[in-house]
Amino acid sequence: MIRPALAFALCVISILTHAGGTPQVSSATTREQADLVDIRSLVPDMSQSIAYAGSDNFVGTPIDGYEAPRCWLKREAAEALARVEAALRKRHLRLRMFDCYRPARAVAHFVRWANDPADQRTKAAHYPNLDKPRLLGEYIAPVSGHSRGGTVDLTLLRCDAQDAGCEPLDMGTGFDFFGARANTDSREVDAEQRANRRSLLEAMKAQGFDNYPMEWWHYTYRSRPSLNTLYDVPVTAAGEPARQAEIDRLMRPYDGDVPGASLLVLKDGKAVVRRGYGRSDLERHVEAGPATNYRLASVTKQFTAAAILLLAQDRKLAVEDPVRKWLPALPKAADAITLRNLLDHTAGLLDYEDLMAKPYAGQISDAGVLALLSKEDRLYFPPGSTYRYSNSGYAMLALVVERASGMSYPDFVRTRIFAPLGMRDSLAYVAGGPGVPHRAWGYSEQDGSWKRTDQNEYSAVLGDGGIYSNIDDLARWDAALYDDRLLGDATRAQAFGKQVQVASEPEATYYGYGWRVTANGDRLWHSGESIGFRNTLVRWPKQRVTVILLSNRNDPTPYDTALEIGKLFLAADRAEPR
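Read on for a plain summary of the structure. Note that this is a predicted model, so its numbers are computed, not measured. (Residues numbered from 1 in each chain as written. Predicted model: local features only at pLDDT ≥ 70, side-chain atom pairs only at ≥ 80, totals over all residues. Heavy atoms only, no water.)

## A closer look at the pattern of salt bridges
Consideration 1: Overall, the coordinates contain 42 salt bridges when judged by the stated rule.
Consideration 2: D281 is the partner of R452 in a salt bridge, and the nearest nitrogen-oxygen pair spans 3.2 Å. Residue R452 is located in strand β18 (residues 449-452), and its partner D281 is located in strand β13 (residues 279-281); the two are separated by 171 residues in the primary sequence.
Consideration 3: The class for R452 is partly exposed, based on a relative accessible area of 37%. (Salt bridge = Lys/Arg side-chain N within 4 Å of Asp/Glu carboxyl O. Helix = DSSP H or I, 4+ residues; strand = E, 2+ residues; numbered from the N terminus. Buried < 20%, exposed > 50% of the residue type's maximum accessible area, 1.4 Å probe, protein only.)

## As for the state of the cysteines
Each disulfide consists of one covalent bond between the sulfur atoms belonging to two cysteines.
Consideration 1: One pass over the full model with this rule turns up 2 disulfides.
Consideration 2: Between the sulfur atoms of C71 and its disulfide mate C100 the distance is 2.0 Å. Since a negative S-S torsion denotes a left-handed disulfide, the C71-C100 link at about -90 degrees is left-handed. Here C71 is found in the loop between β3 (47-48) and β4 (72-74), whereas its partner C100 is found in the loop between β5 (93-99) and α3 (104-114), with 29 residues between them in sequence.
Consideration 3: What makes C71 buried here is its relative accessible area of 0%.
Consideration 4: Disulfide pairing places C159 opposite C166 at an S-S distance of 2.0 Å. Disulfide C159-C166: the torsion about the S-S bond is 105 degrees, which places it as right-handed. (Disulfide = S-S within 2.5 Å.)

## A few points about the sheet that holds strand β16 (residues 427-428)
Consideration 1: Pairing in this open sheet of 3 strands is antiparallel, and the strands run β15-β19-β16 from one edge to the other. The two strands at the open ends of the sheet, each matched to only one other strand, are β15 (294-295) and β16.
Consideration 2: Bridge count for β16 against strand β19 (residues 467-469) is 2 bridges, and the pairing is antiparallel. From the neighbouring strand, L427 faces β19, where its bridge partner is Y468. (Pairing = 2+ DSSP bridges.)

## Focus on empty space enclosed by the protein
Consideration 1: This model, assessed by the stated rule, comprises 2 cavities of 30 Å³ or more.
Consideration 2: Space inside the largest cavity adds up to approximately 60 Å³.
Consideration 3: Lining the largest cavity, in full, are Q302, A305, A306, L309, W477, L481, L487, R492, A495, F496, Y513 and W515.
Consideration 4: At the level of elements, α8 (301-313) and α16 (489-495) are the ones that each hand at least two residues to the lining of the largest cavity.
Consideration 5: The dominant element in the lining of the largest cavity, judged by the number of residues it contributes, is α8, at 4 residues.
Consideration 6: Partitioning the lining of the largest cavity into residue classes produces 10 nonpolar, 1 polar and 1 charged.
Consideration 7: In this structure, the second largest cavity spans a volume of roughly 30 Å³.
Consideration 8: Y139, F177, F178, G179, A182, M214 and E215 are the residues that line the second largest cavity. (1 Å grid on protein atoms, 1.4 Å probe; cavity = no way out; pocket = protein on both sides within 12 Å on 5 of 7 lines; lining within 4 Å. Points joined across faces, edges and corners; volume = space filled by probe spheres on them. Nonpolar A, V, L, I, M, F, W, Y, C, P; charged D, E, K, R; others polar.)

## Here we look at the environment of D119
Consideration 1: As for its placement among the helices and strands, D119 is situated in the loop between α3 and α4 (123-126).
Consideration 2: Look at D119 and you get buried, because its relative accessible area is 14%.
Consideration 3: Separated by 60 residues in sequence, D119 and V59 have C-alpha atoms that sit 8.6 Å apart.
Consideration 4: Setting aside residues no more than four positions away along its own chain, D119 makes contact with V59, W113, Y127 and K132. (Contact = heavy atoms within 4.5 Å.)

## Examining the packing of aromatic side chains
Consideration 1: Scanning the entire structure with this criterion turns up 22 aromatic pairs.
Consideration 2: Here the aromatic rings of W113 and Y127 are separated by 5.9 Å at their centres, their planes lie at 80 degrees, and the arrangement is edge-to-face. One end of the pair, W113, is in helix α3; the other, Y127, is in the loop between α4 and α5 (135-138), and 14 residues separate them in sequence.
Consideration 3: The class for W113 is buried, based on a relative accessible area of 5%.
Consideration 4: For Y127, a relative accessible area of 0% corresponds to the buried category.
Consideration 5: Centroid distance Y387 to Y511: 6.2 Å. Interplanar angle 35 degrees. Geometry classified as tilted. With Y387 in the loop between α12 (366-374) and α13 (391-405) and Y511 in strand β21 (residues 509-511), the pair connects residues that are 124 residues apart, well separated along the chain.
Consideration 6: We classify Y387 as buried; its relative accessible area is 17%.
Consideration 7: Residue classification places Y511 among the buried positions, given a relative accessible area of 0%.
Consideration 8: An aromatic cluster is built from Y52, F58, Y66, F98, F110, W113, Y127, Y139, F175, F178, W216 and W217, whose rings are joined through pairwise contacts. (Phe/Tyr/Trp six-rings, centres within 6.5 Å; stacked < 30°, edge-to-face > 60°.)

Structure below.
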């Protein structure tokens, strides 16, 4: 008796050999020659987790022919898939692609792996109930319909009412699970999982895709493009617009089923790049996107500084006020410290992180930082004499905001900054208070795998790093920095001014109020690092270019990446005729 999977493989070969003998491998060497299109040319934000471009697949290594994580298809199949996606989005559903066109050399790689009984690294995840020799023939054939360009492997995502926070529906198995449980109509899965599979089946069938019943994720476009022709063109980023290809190269570490990032590039106030990469929540496989909220860490400081400057505009305080006017609990050594010194990191306050007990029970707050500093009647240096970056100083500024305004710091930034600018999802997060919508969870790489490391003992301090925001809200913030809708011209000049020199090498840099500034003022920026998060916001105000890169991982540091991306748009701006 021929097993169903083997019968299907033989059927594929029979179809491919119909009216012409052995399937022929095309001589095409490029995507264009093979008449394949990238699905993202039709659906720019199509969710992808191209398993064979990385090591998280049943072979356990990147597969031959997958040089970039791309989904290529014959045009008619790609257009049909785009129609599926459009119909699903009306119901707050989306597709996620696992595989599309598959080079013939990749199929050969599968066969070589299947013939190596010693390599059992992925057995527990992909074929726990099968002996590896059974995979060849029953599940892995020497010819794949994927190599024709009309077959896809995919799943369904459910999004919220804002079409954000998209996470996979439970299908009962993961992609490329070998066994009866993966059969589309398997009775081994529960009713909800079968219903989810049925939803995918109906959506795909409506646009001409037929399911392979042994695998719930596997669909072939009914017209069977290039019926008896296989392709062996490697999947690459070649042929894409140079700027987009370079951005994709720079952002590749964030792409796939890993802690991700959200990237925004603004040019003349318009978003020219706006998309997410990777995952905001690894455990639930939630997409990172424009609405994903990240802990800004020290990017928060520009908002704390703005809060002080707003109060100065209101004449509720002055930046030359002694800090002890507002926080008399500080020790006598702080007598000469002004709010200006706190804003530009010239106060000399001790680092609260070094004063905390080790280990520290729970999380310290801004008020807790004040309590620690009040016990230390000493400074690092006389106020105003030099620069030393200080989280303690910005924790004190948050408390000054509260004393001068009569409002909590979260309420002040919400009512005076976020609400007027339409930053609806941004907030200073306090445990037990309003939740973070579309929250990204922080991760750190440990021993080759990602571990959730979202909070530590410092994470409840608000003034130095406690704000959560997303790239769409930060676009509104960036727009407000060009005019007086929030801060007046003179106030913005103070914030962006060269208040104190920070470094002379490799370039002269200064600190303003919550911003780092180059010597000529052409570039303003601030980065933020806390456990599980790395962020940066870089502005070239004269060219009206801004790059915002937020990530929920401890590595890499995004500032250099943001500079490289910014240069792509600055170079294009210089090249345009005037």
